[in-house]
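The lines below spell out each chain.
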Amino acid sequence: MRLSVIQVVAALAAAVCIVIAFIATGLGLISGLFMVLAMLALIFIAWTALRRALGQDREQASAGRDPGSPRARP
């Protein structure tokens, strides 16, 4: 059975489409990975900032109540 020109062109177009689909899938996975890493970095920054801010507020409040504390305000 001989292949016609249309069948060869269709097979080549299908091969190109499959290659493009694999590239797009890989880019999507890499993009998703970097998105997750960026979200984790933002969560870490927010968590440490909140922990530091809330921790300092607690230390200042307890130091203000205890007059013998070296951090007590005059």
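For the structure itself, consult the block above.
This is a predicted model, so every value here is computed, not measured.

The helix and strand inventory of the protein stands at one helix and zero strands. Burial status across the protein gives 3% buried among its 74 residues. Accessible surface for the protein amounts to roughly 6,800 Å². Of this, 74% is attributable to carbon and sulfur atoms.

Turning our attention to a nonpolar patch on the surface. Side chains of I30, L33, F34, M35, V36, L37, M39, L40 and I43 sit close together on the surface and give an oily, nonpolar patch of about 920 Å² of accessible area. Here M39 is to be found in helix α1 (residues 5–65).

For any pair of aromatic rings, geometry is given as the distance between the ring centres together with the angle between the planes. Overall, the coordinates contain zero aromatic pairs when judged by the stated rule. Seen from the ring of W47, R51 lies directly overhead, with NZ or CZ sitting 4.6 Å from the centre.

Cut-offs used in this document
Residues numbered from 1 in each chain as written. Predicted model: local features only at pLDDT ≥ 70, side-chain atom pairs only at ≥ 80, totals over all residues. Heavy atoms only, no water. Helix = DSSP H or I, 4+ residues; strand = E, 2+ residues; numbered from the N terminus. Buried < 20%, exposed > 50% of the residue type's maximum accessible area, 1.4 Å probe, protein only. Areas by Shrake-Rupley, 256 points an atom, 1.4 Å probe, with all protein chains shown as cover. Patch = residues over 30% accessible without salt bridge, like charges linked within 9 Å, V, L, I, M, F, W, Y side chains within 5 Å. Salt bridge = Lys/Arg side-chain N within 4 Å of Asp/Glu carboxyl O. Phe/Tyr/Trp six-rings, centres within 6.5 Å; stacked < 30°, edge-to-face > 60°. Lys NZ or Arg CZ within 6 Å of the ring centre and 35° of its normal.

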